[in-house]
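Below are the chains, spelled out letter by letter.
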Amino acid sequence: MGKGGEDYGKREKIGVESHDKCDFHAWSKDSKECEEYYKVNHEFGLSAAEVEKRRQIHGYNELEKHEGASIFKLILEQFNDTLVRILLFAAIISFVLALYDGEEGGEMEITAFVEPLVIFLILIVNAIVGIWQESNAEKALEALKEIQSEHATVIRDGKKISNLPAKELVPGDIVELRVGDKVPADMRLLSLISSTVRVEQGSLTGESEAVSKTVKAVAENTDIQGKKCMVFGGTTVVNGNCICLVTQTGMNTEIGKVHSQIHEASQNEDDTPLKKKLNEFGELLTMIIGVICALVWLINVKYFLSWEYVDGWPKNFKFSFEKCTYYFEIAVALAVAAIPEGLPAVITTCLALGTRKMAQKNALVRKLPSVETLGCTTVICSDKTGTLTTNQMAVSKLVAMGSRIGTLRSFNVEGTTYDPFDGKIEDWPVGRMDSNLQMIAKIAAVCNDASVEQSGQHYVASGMPTEAALKVLVEKMGFPAGLNESSSGHGEVLRCCQLWNKMDQRIATLEFDRDRKSMGVIVNSGTGKKSLLVKGAVENILERSSYVQLLDGSVLELDQYSRELILQSLHDMSTSALRCLGFAYKGDLAAFETYNGDEDHPAHELLLNPSNYSSIESELVFVGLVGLRDPPRKEVRQAIEDCKAAGIRVMVITGDNKNTAEAICREIGVFLPYDDISSRSLTGKEFMDHPDQRNHLRQDGGLLFSRAEPRHKQEIVRLLKEDGEVVAMTGDGVNDAPALKLADIGIAMGIAGTEVAKEASDMVLADDNFSTIVAAVGEGRSIYNNMKSFIRYMISSNIGEVASIFLTAALGIPEGMIPVQLLWVNLVTDGPPATALGFNPPDTDIMKKPPRKSDDSLITPWILFRYLVIGFYVGLATVGVFIIWYTHHTFLFIDLSGDGHSIVTYSQLANWDQCSTWEGFSVSPFNAGSQVFTFDNPCDYFRGGKIKASTLSLSVLVAIEMFNSLNALSEDGSLLTMPPWVNPWLLLAMFVSFGLHFLILYVPFLAQVFGIVPLSLNEWLLVLAVAFPVILIDEVLKFVGRCTSGMRYSGSSRHSKYKAE
């Protein structure tokens, strides 16, 4: 908060105490006490010197700019990942060994450098993407600053200063607010200039309508919605003007607290369930790699370290540095083989494809990992206003007078928006409106300051939402009998209202005030007669009414029975959470008979003093009443049912009052119509005082929290997360932003949402539709299932590579595959099939299953066993084909002698390092494609001469992994029931991967880089014959899995139950 932020903690007492730690609650003190405490007079204001003193204490009236992490820190954070660290270590070691080989004049320098450079490139790209995401994380705080007012009208040194920069305000400043102003700080009302002041503060408090303000003090422990004598920074004055005293500025305002909460929540962001699983896997992988590397060295230590026993003690140690580095290279190859380097890229691709699918369903994902997190959402905490409801007031019931005294008529009104064509009035006498209904229409249209306009496909209101709803009602009522559309302008949204305003022109307004709770207008009818039209709180209107108008327009005295009947109707509508307004008129206005708005007219004096309004609005004729509400969205009820079927609990957290929220929750299905909800519906304050909050949140079914403040929402989200729930929080207002940031998935509204809410969110609903969330959850579950498929596929492939290297080391044969070849397989060859597995079609019952737990294993013990078996076969096949080429001229009736290579025994192959001691050992040249390999030193047959055997090993590995991708189509489903063509993208990906493998085989330059040679047709037949059995082995394992799934499921359920107990 500028200077105030810098001086925090070392403030001194100058003029007024520091308000960070003051106990002065301005809302509970009267105006005079507030002026005395802040040492200011409302007529004179603060002096310039006093302002400067207070600014030294409190700083500027602006929100703090939190210092973001430095670029160096962000870079370091990108390497705070186990898999990345292993990869970095492997790259550094590879680079050192490449330099060492180059100095020794090795022949494979290019190959040796390709591997570390490619790994470094992966790490750099990964770091850039991570830093870009981090730098976008704090935009919510910037959006919050835009809500703040830029200027204020202030009284200082006895003078009124217009357009003072709002950031220069200090506690104790006297500010004048007018209609349309944005409130610049938290302030206490001192006096009302107009008869009433209303403030739209829904974005901060969650209330669905503007709040009338007063100068009267309220109780000290009142919640934010109840502080009627306070106005809060960032809210907007929609009616009236007043004088206020600044009580809090900058970070001490309510909006400043929201800013702090957003910042705090952003510091506590948890990893997504998938990232946690991958981190766990990385740690397990580190341990496995360490153990296997140690085993490889122990098995081969005899090759580079030998000694003799003299007198029982080891002496005469001999160490071969060359062989030591050779086996060290094998250990590096092992690390490269074990890490699925392509996994981050494939996950990002799959999530990006998921965001495109979701965008087509109106769910705009801002943060990629959110796609996966959606799949395991267990609780949706939804705001009510604007999320479950339309945030557009609408009349839902109209009550008019009957044909005789003591009778009423009731009409249900359809529609949930400001669109006049959205719904109709049930049983309405179209074109046959009687005199009573015409009078209701006239009062609703003329005693009204709002308007409705069409903006694109939507209708928007300006002015009070309740008044806009009344104008929409008038349009649904239609034209009076004897009049038609030609009487009004064509193409206008409010044609009927315009007609009534033309017939009865307003000449004076009796403004609404909190004492009489009504608004009146004096109109000049077409006959020249003056009349008074009044609308307001039903009880107050009824109290000042002496007569009642019947259906035919006749006026009779209002008897006690009719009065009680109207009050009973009011009670019934109020218990249904409807906000009720009554209508009345007065035809005899003797004092205003000749009044035409002229200020010199004697009657004008009466209008200047609001205390006269009650006497003017007396002896009224009561004509009817309406019930209004912020109605629920049509599609929400079905979406709630879908959530229940999917095992997702819905909790409604709103700033609105309890009765309204309960009625809406019953209507949309969060509560059943006759449920006892006394234990499931609490206010935010009641929840904070609850002795056992956790158990309250664990109740089955829906829950409701009304009158909730931002801190209540945060606390609910925090407790749910601590209890292991994966929480999606929806909201649209500034007050929702901290909880959106804290939740696992923050979901903002795209149309009605504030920029603050959008920037704090992970996902934005383009259509503000709650049901879109349910569709997005289904898509998230499908994406997660597909990600599990390709993660298992890639990990199983890596297990195979580790098994291959381990067997090579254990058997003591020459190294079959070099690190750069393994890197190529992990990054390029495995990539397309893994990505294509992300296109697997979703299960039909995906939203009928309960959500997976966030701590569910990515790889179960059974799946791990399966892939260990598959991995062992991969190792056996890749090492086996290497041995076959060296030791056989034919295998499975396939002739391999065409290239002219020499045959050696298995014993010679396993002891190849002793070749120099063999007497009479010689080898003949062999060809590969157009190349001929000759050997001056026969022992080179096991070094440079292994190029053909190494190529066969690599090709078998690629072929097995292509067949293995078919196995990954389904966890337990056979290829007979889920054939490859259910996902044509996978077949295309296999074709691409084989194509890329052919490319490096048959393009000479690439073949040299990867240390491989072209293969003949017979050699390809051998590759396929060795690779194909992987499908048969996995089919057998899947069959066993299907047969034992019941036992494994019940076993895991018992284990979970035991853990829970």
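Predicted model only: the values in this text are computed from it and were never measured.

A.B. asks: For this particular structure, what's the right way to read the overall build of the protein chain?
C.D. replies: In terms of regular secondary structure, the protein chain is built from 38 helices and 34 strands. Looking at the protein chain as a whole, 56% of its 1061 residues are labelled buried. Long-range contacts, defined as pairs at least 24 residues apart, comprise 71% of the intrachain contacts of the protein chain with a sequence gap of at least 6. For the protein chain, the accessible surface area stands at approximately 45,400 Å², while carbon and sulfur atoms represent 56% of it.

A.B. asks: Any chance you could explain the nonpolar core here in plain terms?
C.D. replies: Formed by 138 residues in total, the largest nonpolar core has its most connected members in Phe770 and Tyr886. A total of 16 residues in this core trace back to one element, the largest contributor, which is helix α29 (residues 770–811). With near-sequence residues (within four places) excluded, phenylalanine 770 lies in contact with Ile380, Ser382, Thr387, Leu388, Val636, Ala639, Ile640, Cys643 and Val650.

A.B. asks: Explanation requested: helix α35 (residues 984–1002) in the structure shown.
C.D. replies: Think of an α-helix as 3.6 residues a turn; residues three or four steps apart then line up on the same face. Along its 19 residues, α35 runs 27 Å from first to last C-alpha, staying within 8% of the 27 Å computed at 1.5 Å per residue. Those residues of α35 that sit buried are Leu986, Ala989, Met990, Ser993, Phe994, His997, Ile1000 and Leu1001. The buried residues of α35 occupy one face: seen down the axis, they fall within an arc of 135°. Residues of α35 that are buried in the fold lie against α30 (819–829), α31 (831–836), α34 (947–967), α36 (1004–1010) and α37 (1017–1027).

A.B. asks: Looking at this structure, how should I read the state of the cysteines?
C.D. replies: Each disulfide consists of one covalent bond between the sulfur atoms belonging to two cysteines. Within the structure shown, the criterion is met by 1 disulfide. Two residues share a disulfide in this structure: cysteine 915 and cysteine 939, whose sulfurs sit 2.0 Å from each other. In this structure the cystine formed by cysteine 915 and cysteine 939 twists about its S-S bond by roughly -95°; its chirality is therefore left-handed. Of this pair, cysteine 915 sits in the loop between α33 (906–910) and β33 (926–928) while cysteine 939 sits in the loop between β34 (931–933) and α34; the two residues are 24 residues apart in sequence, bridging distant segments of the chain. Comparing cysteine 915 with cysteine 939, the two get one shared label, buried.

A.B. asks: I tried to follow the pairing of strand β14 (residues 394–401) on my own but got confused; where do I start?
C.D. replies: For a regular strand, the rule is simple: side chains alternate between the two faces of the sheet. β14 sits mainly inside the fold: 7 of its 8 residues count as buried. Looking at chain direction, β14 and strand β24 (residues 620–629) are connected through 6 bridges and run antiparallel. Paired with leucine 398 across the strands is valine 626, a residue of β24. Two successive antiparallel strands, β14 and strand β15 (residues 408–412), enclose a turn made up of 6 residues, where glycine 406 displays a positive phi of approximately 85°.

A.B. asks: When you look at the packing of aromatic side chains in this model, what are you seeing that I'm missing?
C.D. replies: Each aromatic ring pair is summarised here by two numbers: the centre-to-centre distance and the angle between the ring planes. Taken as a whole, this structure holds 26 aromatic pairs when the rule is applied. Summarising the aromatic geometry, the rings of tryptophan 918 and phenylalanine 942 are spaced 6.0 Å apart at their centres and angled 90° between planes, so their arrangement reads as edge-to-face. With a gap of 24 residues between them, tryptophan 918 in the loop between α33 and β33 and phenylalanine 942 in the loop between β34 and α34 connect regions that are remote in the sequence. Owing to a relative accessible area of 21%, tryptophan 918 belongs among the partly exposed residues under this scheme.

A.B. asks: Sorry if this is basic, but what is going on with the UniProt feature "transmembrane region" (unreviewed entry) in the protein chain here?
C.D. replies: The sites that carry the UniProt feature "transmembrane region" (unreviewed entry) are, in the present numbering, residues 82–100, 112–132, 284–305, 325–353, 790–813, 864–886, 985–1005 and 1020–1040. Taken as a whole, residues 284–305 contains 95% helix and 5% strand, while its terminal C-alpha atoms sit 30 Å from one another. Secondary structure within residues 864–886 divides into 100% helix and 0% strand; the distance between the first and last C-alpha atoms comes to 33 Å.

A.B. asks: Would you take a moment to explain the sheet that holds strand β4 (residues 186–192) for this structure?
C.D. replies: Sheets are built from strands that pair by backbone hydrogen bonding, the pairs being arranged parallel or antiparallel. The strand order across the open sheet built from 6 strands is β2-β1-β3-β9-β4-β7, with neighbouring strands paired in antiparallel fashion. Strand pairing shows two members of the sheet lacking a second neighbour, β2 (159–165) and β7 (230–231), which therefore form its edges.

A.B. asks: Which parts of the structure should I look at to understand the sheet that holds strand β25 (residues 649–653)?
C.D. replies: Reading across the sheet, the 8 strands line up as β12-β30-β29-β28-β13-β25-β27-β26 and stay open at both edges, with mixed pairing between neighbours. Strands at the two margins of the open sheet, each flanked by one partner only, are β12 (363–365) and β26 (681–683). This sheet shows a mean twist of 20° between the axes of neighbouring strands, independent of strand direction. Pairing analysis gives 3 bridges linking strand β13 (residues 379–382) to strand β28 (residues 727–731), with the strands arranged parallel. Looking at the pairing, valine 379 lines up with valine 727 of β28.

A.B. asks: What should I look at first to understand the side chain of serine 382 in this one?
C.D. replies: Along the chain, serine 382 falls in strand β13. Of note is the side chain of serine 382, whose polar atom sits 3.1 Å from the side chain of threonine 730. Other than its neighbours up to four places away in sequence, serine 382 contacts Thr387, Leu388, Met651, Val652, Ile653, Thr730 and Phe770.

A.B. asks: For this particular structure, what's the right way to read unusual backbone geometry?
C.D. replies: A negative phi angle characterises most non-glycine residues, just as the trans form characterises most peptide bonds. Even without being a glycine, arginine 707 presents a positive backbone phi close to 50°. With respect to the element layout, arginine 707 can be found in the loop between β27 (703–706) and α26 (710–722). The phi angle at leucine 892 is positive, at roughly 50°, despite the residue not being glycine. Summarising the element assignment, leucine 892 is placed in the loop between β31 (890–891) and β32 (894–895).

A.B. asks: Can you walk me through the packing of helix α22 (residues 636–645) against α29 in this structure?
C.D. replies: For any two helices packed against each other, one specifies the crossing angle of their axes together with the interaxial distance. Following both chains from N to C, one finds α22 and α29 inclined at 30°, their axes separated by 8 Å at the closest point. In this view, α22 runs roughly parallel relative to α29, as classed from their interaxial angle. Seen from above, α22 lies across α29 with left-handed handedness. Together, Val636, Ala639, Ile640, Asp642 and Cys643 of α22 and Phe770, Ser771 and Val774 of α29 make up the contact between the two elements. Split by residue class, the contact of α22 with α29 holds 6 nonpolar, 1 polar and 1 charged.

A.B. asks: Is there a simple way to think about the side chain of glutamate 475 in this case?
C.D. replies: Secondary-structure assignment places glutamate 475 in helix α16 (residues 465–477). For glutamate 475, which is buried and forms no salt bridge, the nearest opposite charge comes from arginine 495, at a distance of 5.2 Å. In this structure the side chain of glutamate 475 is engaged in a polar contact, spanning 3.1 Å, whose partner is the backbone nitrogen of cysteine 496. Leaving out residues up to four positions away in the same chain, glutamate 475 has contacts with Pro420, Val493, Leu494, Arg495, Cys496 and Cys497.

Procedures and definitions
Residues numbered from 1 in each chain as written. Predicted model: local features only at pLDDT ≥ 70, side-chain atom pairs only at ≥ 80, totals over all residues. Heavy atoms only, no water. Helix = DSSP H or I, 4+ residues; strand = E, 2+ residues; numbered from the N terminus. Buried < 20%, exposed > 50% of the residue type's maximum accessible area, 1.4 Å probe, protein only. Contact = heavy atoms within 4.5 Å. Areas by Shrake-Rupley, 256 points an atom, 1.4 Å probe, with all protein chains shown as cover. Core = buried A, V, L, I, M, F, W, Y, C linked by side-chain atoms within 4.5 Å. Expected span 1.5 Å × (residues − 1). Arc of directions from axis to C-beta. Disulfide = S-S within 2.5 Å. Pairing = 2+ DSSP bridges. Phe/Tyr/Trp six-rings, centres within 6.5 Å; stacked < 30°, edge-to-face > 60°. UniProt positions renumbered as here; feature names shortened; annotations may be inferred. Axes fitted to C-alpha atoms, helices over the stretch in contact; angles between N-to-C directions. Polar contact = N/O pair within 3.5 Å; in protein donor to acceptor, adjacent residues only side chain to side chain. Parallel < 35°, antiparallel > 145°, perpendicular 65-115°, else oblique. Left-handed = near helix turned anticlockwise from the far one by under 90°. Nonpolar A, V, L, I, M, F, W, Y, C, P; charged D, E, K, R; others polar. Lys, Arg positive; Asp, Glu negative; His and termini not counted. Salt bridge = Lys/Arg side-chain N within 4 Å of Asp/Glu carboxyl O.

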